[in-house]
Structures are given as C-alpha cells and as structure tokens.
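Chain by chain, the residues run as shown.
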Amino acid sequence: MAAPLVGRGVPGRADGATVAAIFAAVLLIVPARLVLKGLPLSLTPANVVSLVAAMLWLCAQLTLTLGAAKGRNPVRTALFAYFTSILATFGYSTWGYLDSDELSLSDHAFVLVIALVGIALVVCDGVTDRRRLDFLIQTLVVGGAVIAVIGAFQFLLSIDLTRYLELPILRYSSEGDSFVLERADLRRVAATTGHPIEFGVLCAMLLPLAAHYAVQARRRGEPALRWWACTGLIGLGLMFSVSRSAMLSLAAVGTVLFAGWTWRRRLYTLAVAAGFLVVIRITVPGLLGAITGLFSNLGHDESIQYRTHDYAVAAQEIGRHFWLGRGVGTWYAPKHQVFDNQYILSMVETGLLGTLTFAGVFATAFYAALRARHLSTDPDDRDLGLTIAAVLVAPLVGSFTFDLLSFHTATGVSFVLVGAAGALLRAARADRLATAGQLAPAHSSGPTIEVTR
C-alpha cells in the first residue's frame, strides 16, 4: 500500500511536514526570479510544489484513511474566508471587462493564491505530530541560514552565488534586475529573495525561530552550537539588508516576545544583542550608522516621500470598487502607480473584504499560536507558541511598508507559519485531551466519546 503523503508523522513515511519542508527548501534556495521554462504561467519551482500540496490536501480531505486532520480549526476557517473573498473578487473582476494583460495577471495571481492557501492547509491539517512540526520549522531555519550566507557573500565580497543556481530548466522572469542594491554607500543585498526589503523582513521572521531552537537545545542539554550559528547568520543577513522595514518588523516581533518572556530571558537577550552589535560595529564600519540613519532622517527620506505621494490615486481607485476591488493582480507597474503598502494595494485589488480577510489570516494564526501556548504545559511547546505568534506580527507590520504579496519568498514562509500555528494548536488540544483522559477515574461508567483531531 502506498505511503500517505499527508498525514501523521510515521517514521519512514512522507507526510505533510515532508511536503512542506520540500516547499520551504525550494522556496528559500532557488532564486525568487527564476521560473520554470515552457509553462504558460510564470511559476517558480516552489509554486509548483505548493500547487501539488494543495491537490494532495484536497485528496486527503476526501478520504478517511490518509490520516489528515479534520474538524474545526480557527486557522483553517480564516484561510477558507480569505480564499472565498479572493474567489469572489476573481469572479467579479473577470465577469466584467478587463484588458487582456490584466486578465492574464489576474489568472496568474489567482493560481498563486490557491498555492499559498494550499501549502498553509497542508501544514495545518497534515502536520499532526509535534516532532514533525519541529522538523518543518527547523528546515526553515536552516534554509534561512543558507541564504544568509549567500547574502553575506554579496554584501562583504560582492560575489553573487545565485548565479550558480541557474539551472537549465529555469529562466529569469525579468531581465536587468540585480540581487544587490546600494544605500548610503553600502550594498543592500537580497540573497535569493526578490528585494533587500523582503530579505530583511524574512530574516526578522526566522531569527526568533532559530533562537528558540538554540535555547531549547541548551535547556535540554543537547548540542546547541549549530542553532546559535544559524541565529548569528540570520542576524547578519538582517543587518546586511539595510532595510527600515526589517528593523520595524524585528521591533514588533521583539515587543511580543518581551511581553511573554521572563526578566531573565529579556536581560540575556539584550546582552547577546549588545554583543552582536559591538561585533558588527568593529567588523563592518558604517553599517550601524547607515541603519540608524534610516530613522534619524525620516522627514527628508525620499523613499518615505515616494511611499506617501500616491494616496490620492489609491483613494480614487478604491472608491470605484470598494467591496471586492478591481481584480487580484491587476494593478501593476509600469502600467499603474506602485503602492509600497500591501493594505492599500489589497484595497485596490481585492476591496475591503479581501483586505480584512488577508489581515484576518495572520491575526487568527496569532491567536491560535497563543492559544496553543496557553493549553501547553511543556516549556518548549509554550515557547514555540509564543515565538510563532511573535513572528506572525512581522507580515502584518511589514505590509504597511512594502507590498508583501508581490514577494513570493516572504509570503510563502508567512503562510507556512500560519499553517504551523494551526498545527501547533491541534497538537496542544490533543495533548490536553490525552492528559484529561489519563486523569479521568478508571471506574467511570459514563458513556465513551471518541475524540478525533
């Protein structure tokens, strides 16, 4: 009998964590601008993997033998609401008139939404084992460390290792783009992502996860050096992006973490961060000054002025299609004004319903992770719940400063972590029920109720 692809973490068998880990590795390592040749749509290898994952999830939901979790989950409900709103927008926009170029982009964007929702559902319903959830998140951390090394080569040595990842089956989706930009006479690097802003926000999301596993290994008496190395590399990647959005995202993530940590953990983290900044100041002169300059000159920053000058255009366009928008993926440069704000872009493309459900996905996942923390008694599970909740704040904050959904690497990782929040809540509920069952009186003569995940 064939091994199930989406199901419980049975040793030696592929499951939802396996599919999601493959997606994460391909998403992070293959440069974001490389797409597959010979396809009518511009799809990256990670897009194809996530579409396959969506199909596997659907097949698993049609059976009772593959072990996929079923039943209510707040993350699953939020994903359903988001997909339904996008489907309504897609139907509304394509029912009316769209230029041929915008119609093609709308088809492409809708396929990508299916892929994103599909990979999140595979994680939420297919990773029903706590050990397998660790495997998936650790894959994200290791992948983040690898691309941080690529970013370090770009920043320190001006060597672009992404050129060695150009496989014969791939082509660049656009010509003339560079993975290295400049700001304040310093290189701003993107590693394998689409832009330095995306790279920085991605590192801000992965950094606390790497630190979680380092602290967990130290608490258990296991080798922790590899996880501290990943933490340090991802921290360097965040600095090398020279991105204001990255720093704002890190500050938001840190606020949530500090609210849930003990004073000892807070002081320890501040000491480590101070030592890290001292090393950066000594080894990379001018980098800290460039980053602090991003915030000390806000009133005269051209990038901020550029981000805010288009509000009148946005307001006019939003008023035309307030509820469902003009069409997902139909507002693009150079045909239309660029909005460096995902909420404004979502209001234009998907209307109020699409914008609310988009934010609702991350808000609901944030709640699910904190709920899992509340239900858990294991300190590692509680810390993971807090960490996942914290990193899910980064997409919410980052969407104010750049158009998140236009950058596939950060968006893909965000939806994987949304699914991880749902999976962690399922595991916490199952552990709580198992503990309650063990504590129930053995002589109870009441009716037996079978509870499934």
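Residues numbered from 1 in each chain as written. Predicted model: local features only at pLDDT ≥ 70, side-chain atom pairs only at ≥ 80, totals over all residues. Heavy atoms only, no water.

Q: Let's hear about the overall build of the protein chain: which residues, and what values?
A: Helices and strands together make up the secondary structure of the protein chain, namely 16 helices and four strands. When the 453 residues of the protein chain are sorted by exposure, 53% land in the buried category. Carbon and sulfur atoms make up 65% of the accessible area of the protein chain, which amounts to about 20500 Å² in all. (Helix = DSSP H or I, 4+ residues; strand = E, 2+ residues; numbered from the N terminus. Buried < 20%, exposed > 50% of the residue type's maximum accessible area, 1.4 Å probe, protein only. Areas by Shrake-Rupley, 256 points an atom, 1.4 Å probe, with all protein chains shown as cover.)

Q: Which residues make up the confidence of the model for the protein chain, and what are the values?
A: When pLDDT is low, close inspection of the predicted coordinates is not appropriate. Of the residues in the protein chain, 89% reach a pLDDT of 70 or more, and the chain-wide mean stands at 90. Considering only residues more than four positions removed or in separate chains, one finds that residues 1–10, a stretch of pLDDT under 50, has 32 contacts. Note that pLDDT drops below 50 for residues 442–453; the model gives that stretch seven contacts with residues more than four away or on any other chain. (pLDDT = per-residue confidence, 0-100. Contact = heavy atoms within 4.5 Å.)

Q: Any chance you could break down the packing of helix H8 (residues 244–260) against helix H10 (residues 287–296) for me, citing the residues and the numbers?
A: With their axes 10 Å apart at the nearest point, H8 and H10 run at an angle of 85° to one another. Classed by the angle they form, the pair H8 and H10 counts as roughly perpendicular. When H8 is examined against H10, the residues Arg244, Met247 and Leu248 are found in contact with a partner set consisting of Ile291, Leu294 and Phe295. Residues of the contact of H8 with H10, tallied by class, amount to five nonpolar, no polar and one charged. (Axes fitted to C-alpha atoms, helices over the stretch in contact; angles between N-to-C directions. Parallel < 35°, antiparallel > 145°, perpendicular 65-115°, else oblique. Nonpolar A, V, L, I, M, F, W, Y, C, P; charged D, E, K, R; others polar.)

Q: Lay out a nonpolar patch on the surface with the relevant residues and their values.
A: Together, Val149, Phe153, Leu156, Leu157, Ile159 and Leu233 line one region of the surface with nonpolar side chains, adding up to about 450 Å² of accessible area. For the nonpolar patch, the element with the highest residue contribution is helix H5 (residues 130–157), accounting for four residues. Relative to the helices and strands, Leu156 resides in helix H5. On the basis of relative accessibility, which here comes to 48%, the residue Leu156 falls in the partly exposed class. (Patch = residues over 30% accessible without salt bridge, like charges linked within 9 Å, V, L, I, M, F, W, Y side chains within 5 Å. Salt bridge = Lys/Arg side-chain N within 4 Å of Asp/Glu carboxyl O.)

Q: Could you give an account of the environment of Pro208, naming the residues involved and the relevant values?
A: Looking at the element boundaries, Pro208 is found in helix H6 (residues 196–220). In this structure, the C-alpha to C-alpha distance between Pro208 and Val253, residues 45 residues apart in sequence, is 8.2 Å.

Q: Hey, could you go over empty space enclosed by the protein for me, with residue numbers and the actual values?
A: Rolled over the atoms, a probe as big as a water molecule pinpoints where empty space is left. Scanning the entire structure with this criterion turns up one cavity of 30 Å³ or more. Taken as a whole, the largest cavity spans an internal volume of roughly 70 Å³. Val26, Leu27, Val30, Pro31, Ala32, Leu34, Thr44, Pro45, Ala46, His408 and Thr409 together form the lining of the largest cavity. Elements that contribute at least two residues to the lining of the largest cavity include exactly helix H1 (16–29), helix H2 (45–61) and helix H16 (408–439). In terms of residue class, the lining of the largest cavity is built from eight nonpolar, three polar and no charged. (1 Å grid on protein atoms, 1.4 Å probe; cavity = no way out; pocket = protein on both sides within 12 Å on 5 of 7 lines; lining within 4 Å. Points joined across faces, edges and corners; volume = space filled by probe spheres on them.)

Q: Just give me the short version of H1, but keep the residues and values in it.
A: Along its 14 residues, H1 runs 20 Å from first to last C-alpha, staying within 8% of the 20 Å computed at 1.5 Å per residue. Residues of H1 that are buried include every one of Gly16, Ala17, Val19, Ala20, Ala21, Phe23, Ala24, Leu27 and Leu28, and no others. The opening residue of H1 is Asp15, an N-cap whose side-chain oxygen sits 3.2 Å from the backbone nitrogen of Ala17. (Expected span 1.5 Å × (residues − 1). Polar contact = N/O pair within 3.5 Å; in protein donor to acceptor, adjacent residues only side chain to side chain.)

Q: Describe the packing of aromatic side chains, listing the residues and the values that go with them.
A: Here the structure, examined in full by the defined rule, presents 14 aromatic pairs. By way of ring pairs, the aromatic residues Tyr82, Tyr343, Phe358, Phe362, Phe400 and Phe415 are connected into one cluster. Positioned above the aromatic ring of Tyr268 is the side chain of Arg218, whose terminal nitrogen or guanidinium carbon lies 5.4 Å from the ring centre. A cation sits over an aromatic face here: Arg266 above Trp263, 4.6 Å from the ring centre. (Phe/Tyr/Trp six-rings, centres within 6.5 Å; stacked < 30°, edge-to-face > 60°. Lys NZ or Arg CZ within 6 Å of the ring centre and 35° of its normal.)

Q: Give me the lowdown on the layout of surface pockets, citing residues and values where you can.
A: Counted as a void, the second largest pocket has a volume near 830 Å³. Around the second largest pocket, the lining is made up of 30 residues, and of these Leu207, Leu250, Thr269, Val272 and Ala273 lie nearest the centre. At the level of secondary structure, the elements contributing two or more residues to the lining of the second largest pocket comprise H6, helix H7 (225–240), H8, helix H9 (263–283) and H10. Grouping the amino acids of the lining of the second largest pocket by side-chain chemistry returns 22 nonpolar, seven polar and one charged.

Q: Report on helix H4 (residues 100–126), specifying residues and quantitative values.
A: Because an α-helix completes one turn every 3.6 residues, residues spaced three or four positions apart along the sequence face the same direction. Helix length check: H4 (27 residues) gives 38 Å between terminal C-alpha atoms against 39 Å at 1.5 Å per residue, within 8%. In terms of burial, H4 is largely enclosed, as 19 of its 27 residues are buried.

Q: I'd love a proper account of the pattern of salt bridges, names of residues and values included.
A: Going through the model one piece at a time under the given rule, you end up with 17 salt bridges. Its salt-bridge partner being Lys335, residue Glu102 comes within 3.1 Å of it at the nearest N-O pair. Taken as a pair, Glu102 in helix H4 and Lys335 in the loop between helix H12 (311–320) and helix H13 (342–375) lie far apart in primary sequence, 233 residues in all. On the basis of relative accessible area, Lys335 is assigned to the partly exposed category, the value being 36%. Ionic pairing is found between Arg163 and Asp160, a salt bridge with its closest N-O pair at 3.7 Å.

Q: Let's hear about unusual backbone geometry: which residues, and what values?
A: Note the cis peptide between Ala333 and Pro334, where omega equals 5°. By secondary structure assignment, the location of Pro334 is in the loop between H12 and H13. In the Ramachandran plot, Ala191 falls in the positive-phi region, its phi being about 55° despite a non-glycine side chain. Within the element layout of this structure, Ala191 appears in the loop between strand S4 (186–189) and H6. The exposure class assigned to Ala191 is buried, which follows from its relative accessible area of 0%. One non-glycine residue with positive phi stands out, namely Val242, at about 45°. Among the residues examined, Val242 registers a relative accessible area of 0% and is labelled buried.

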